[in-house]
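Residue strings, one per chain:
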Amino acid sequence: MIPDSFIQDLLARVDIVDVVGQYVQLRKGGANLLGLCPFHNEKSPSFTVSPTKQFYHCFGCGAHGTAIRFLMEHTGASFPDAVRSLAANAGMRVPEEERSPQQRAARAQREAVVSRHGQLLEAANKWYRQQLRTAPAAIAYLKKRGLSGEIAARFGLGWAGPERQGLAAAVEDYNDQLLVEAGLVIVNDEGRRYDRFRERVMFPIRNARGHLIGFGGRIIGPGEPKYLNSPETPIFSKGTELYGLWEARQAIRSAGMVVVVEGYMDVVALAQLGVECAVATLGTATTPVHVQKLLRASDHVVFSFDGDKAGRRAAWRALEACLPLLRDDVSLRFLFLPAEHDPDSYVREFGAEAFRAALREAQSLSQFMLSELASRHPMDEAEGRARCVHDARPLLQAMPAGALRLQVQRELAQLTRLTPEELGQLIPLQDVPSGPLVQSGPQIRGTSAVAPRQESNGTEAADDSRWEEVPHEEFDDAQFQPRAPGPSGRAGGGRNGFRRFDRKGWQRGRDDGPPAYTGPRPVVVPLAARLLQLLLAHPALVEHIDGEAERLLGQHGDFRPVRDLVELVRSSGARHAGALLQAAEGGPLAQPLVLASTATIYEEELPDPAGELRDALRRIEFQIVRDETAALVASGLRDPEQKARYEALSARLAALKRPGVVE
């Protein structure tokens, strides 16, 4: 066993630029270095190496890691061999030590927890499938939707009955806490347990390796929510998973494309009708992580959304997620069905071949982007064309350099009656994705504010909006304002309606599109996510987190990853982001840190990281104190003790409203 302390010392002495530079030709690109990704074929560089944070990330295929991970992935070396190779180049000798009984026990316990999660999910899945055989109402519903027993078996569909503790018959111990952690059982405020899924057709959700990680349940009668997903667990994050990707892997290769639809019932229904290359997001807007997985599966992706306003809004969010990952050798297209149809109903009425023909005629990403921009402004007015250029700025900035971006620039210049040179002066671009859409980060974590259609939105998550990084009216929030907020202005397509772009050029149409785009949207970053990014980029800030700060972080579950990161920094001694990524590898904190590091790879160096940490902690305390104050007021302040507490809290609130006064 190689000691963890040696791994950290090694990563502190090794420069990832030197390691990667032996295999990849790198060139300067701002604070980072760029090159052609060694893990997939590309013509324009999307592979980025951060010398300050000591990790690499490819915006094309999603490859991500430290110097050790790079050697393992690129050369095929094992972990010990990669460490020994780096150590030899650094003039270090690799010590070997036996695991202590405590270490072996801790590792075995971690592995057992993950294994038990999988075992409980598989046991529940077996039970659900057995119950479907004796559920006439569920069978009748599936037959009504045109599903055969063969397709139900292929996707592993099941049935959760009406019993409050039906799973008690499927597991050995219904009081096992892991049932709660796995998202199968809920414990109410009175300590009573009951099944999360009841009276629902069950859809098992598998990751790209085929491992069962969660469930989706569809109610067959009246009630809300129509769709219900498993909650976030150590092995399941709905913002990073795609339903049906495992089941469709062979069909995607055969068809040469992957189709993204809005709900998992659409996936199963399309497979029944012969369109087997479909996948779906799990009740969230499309995220860059989704796009990365899609592009690994195929270089031809078609997003199929409903043609109503909600569908077009969802498509626009998907487009924004795609922009930083564009390559000249991939095709990303958008299909909008008639408003009265979803993919299932369309195929049933017109047939699978008609749907395939529609897929072939789907709008390209560039057509969709330009037509939407044009539809939102009066393009026969100078003011409308100027607003169009303004709104296009963050979209072009989010695209990597390449032939596609150049083509879009030229078409946008023609659309706005500018020369390409004039447009280039108005919208300066970098070789790598930049701007507010890339710097914001929340979409990477699947926290986009756009709500999907009701059929796809099934989670019963607690309202954590109070922890979003939204300025309170009590604070002076200059440093927390979004980076490039667009001015408000006239909405809609103006008195001239809108124009759409198709194969015949720009055509005038009826103004029934989505609400007007008014420039770059304010970036709403959850405070917990921002703290995670801040501490990952500046591990030394952990020294500023004292017992009182830890108490504040411990008062809300959203900050659990932040507390875990603080503990990881202290226990590992990691000095930069790359070392922390390595220390977290294989644990529950690994995925959150990968997403946080990706969100900050192009972020400029903060002038005062410690000040931002203090202000974030002040915000947390302010919200906690304000909540307690409101609770006291609601109670009526009946006794002197409550009144004294209220006065103390009011004084604290007044102090917290003055930035810089309270540390």
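Residues numbered from 1 in each chain as written. Predicted model: local features only at pLDDT ≥ 70, side-chain atom pairs only at ≥ 80, totals over all residues. Heavy atoms only, no water.

Here we take up the sheet that holds strand E9 (residues 200-206). Ordered in space as E6-E9-E10-E11, the 4 strands form an open sheet in which the pairing is antiparallel. Every interior strand has two partners, whereas the edge strands, strand E6 (158-160) and strand E11 (227-229), have only one. Strand-to-strand, the axes of this sheet are offset by a mean angle of 35°, without reference to chain direction. Relative to strand E10 (residues 212-219), E9 runs antiparallel, the two sharing 7 bridges. (Pairing = 2+ DSSP bridges. Helix = DSSP H or I, 4+ residues; strand = E, 2+ residues; numbered from the N terminus. Axes fitted to C-alpha atoms, helices over the stretch in contact; angles between N-to-C directions.)

Feature annotation in UniProt places "zinc finger region: CHC2-type" (unreviewed entry) on residues 37-61, given in this structure's numbering. Span residues 37-61 is 0% helix and 32% strand, its end C-alpha atoms 8 Å apart. (UniProt positions renumbered as here; feature names shortened; annotations may be inferred.)

Attention now moves to the nonpolar core. Counting 160 residues, the largest nonpolar core has Leu-157, Tyr-243, Phe-303, Leu-323 and Phe-334 as the members making the most contacts within it. In this structure, Phe-303 is in contact with Val-260, Thr-286, Leu-294, Ala-318, Cys-322, Leu-332, Arg-333, Phe-334 and Leu-335, ignoring residues within four places of it in sequence. Core analysis: the second largest hydrophobic core is formed by 18 residues, Leu-120, Leu-178, Leu-184 and Met-202 among them. (Core = buried A, V, L, I, M, F, W, Y, C linked by side-chain atoms within 4.5 Å. Buried < 20%, exposed > 50% of the residue type's maximum accessible area, 1.4 Å probe, protein only. Contact = heavy atoms within 4.5 Å.)

Next up on the list: the pattern of salt bridges. Within this structure, the stated rule accounts for 25 salt bridges. When the shortest N-O distance is used, the salt bridge between Arg-154 and Glu-276 registers 2.6 Å. Separated by 122 residues along the polypeptide, Arg-154 in helix H7 (residues 149-154) and Glu-276 in the loop between helix H10 (264-272) and strand E13 (278-280) bring together distant segments of the chain. The closest approach of N and O atoms between Asp-615 and Arg-619, which form a salt bridge, is 3.3 Å. Of the two residues, Asp-615 and Arg-619 both sit in helix H25 (residues 609-635), 4 residues apart, roughly one turn of that helix. With relative accessibility at 7%, the residue Asp-615 sits in the buried group. Where salt bridges share partners, they join Arg-69, Glu-73 and Glu-585 into one cluster. (Salt bridge = Lys/Arg side-chain N within 4 Å of Asp/Glu carboxyl O.)

Time to look at helix H4 (residues 79-89). For an α-helix the count is 3.6 residues per turn, leaving residues at separations of three or four pointing the same way. Within H4 the residues assigned to the buried category are Ala-82, Val-83, Leu-86 and Ala-87. Buried residues of H4, seen end-on, are gathered within an arc of 130° and therefore sit on one face of the element. Pointing more than 90 degrees away from the buried face of H4 are the exposed residues Ala-88 and Asn-89. Those residues of H4 that are buried lie in contact with helix H1 (4-13), helix H2 (16-21) and helix H3 (67-75). At the C-terminal side of H4, Gly-91 shows a positive phi close to 70°. (Arc of directions from axis to C-beta.)

Before going further, it helps to examine the packing of aromatic side chains. Taken as a whole and judged by the stated rule, the model has 21 aromatic pairs. Centre to centre, the rings of Phe-203 and Tyr-264 are 4.8 Å apart; their planes meet at 35°, and the pair counts as tilted. Note that Phe-203 is positioned in strand E9 and Tyr-264 in helix H10, a separation of 61 residues in sequence. Assessed through its relative accessible area of 4%, Tyr-264 is described here as buried. Ring centres of Trp-316 and Phe-368 lie 5.7 Å apart, and the angle between their planes is 80°; on these two criteria the pair is classed as edge-to-face. Residue Trp-316 is found in helix H12 (residues 309-322), and its partner Phe-368 is found in helix H15 (residues 365-375); the two are separated by 52 residues along the sequence. For Trp-316, a relative accessible area of 2% corresponds to the buried category. Ring-pair connections join several aromatic residues into one group, and the members of that group are Phe-303, Phe-305, Trp-316, Phe-334, Phe-336 and Phe-368. The aromatic ring of Trp-246 is capped on one face by Arg-249, whose charged end is 3.6 Å from the ring centroid. The aromatic ring of Trp-316 is capped on one face by Arg-376, whose charged end is 4.4 Å from the ring centroid. (Phe/Tyr/Trp six-rings, centres within 6.5 Å; stacked < 30°, edge-to-face > 60°. Lys NZ or Arg CZ within 6 Å of the ring centre and 35° of its normal.)

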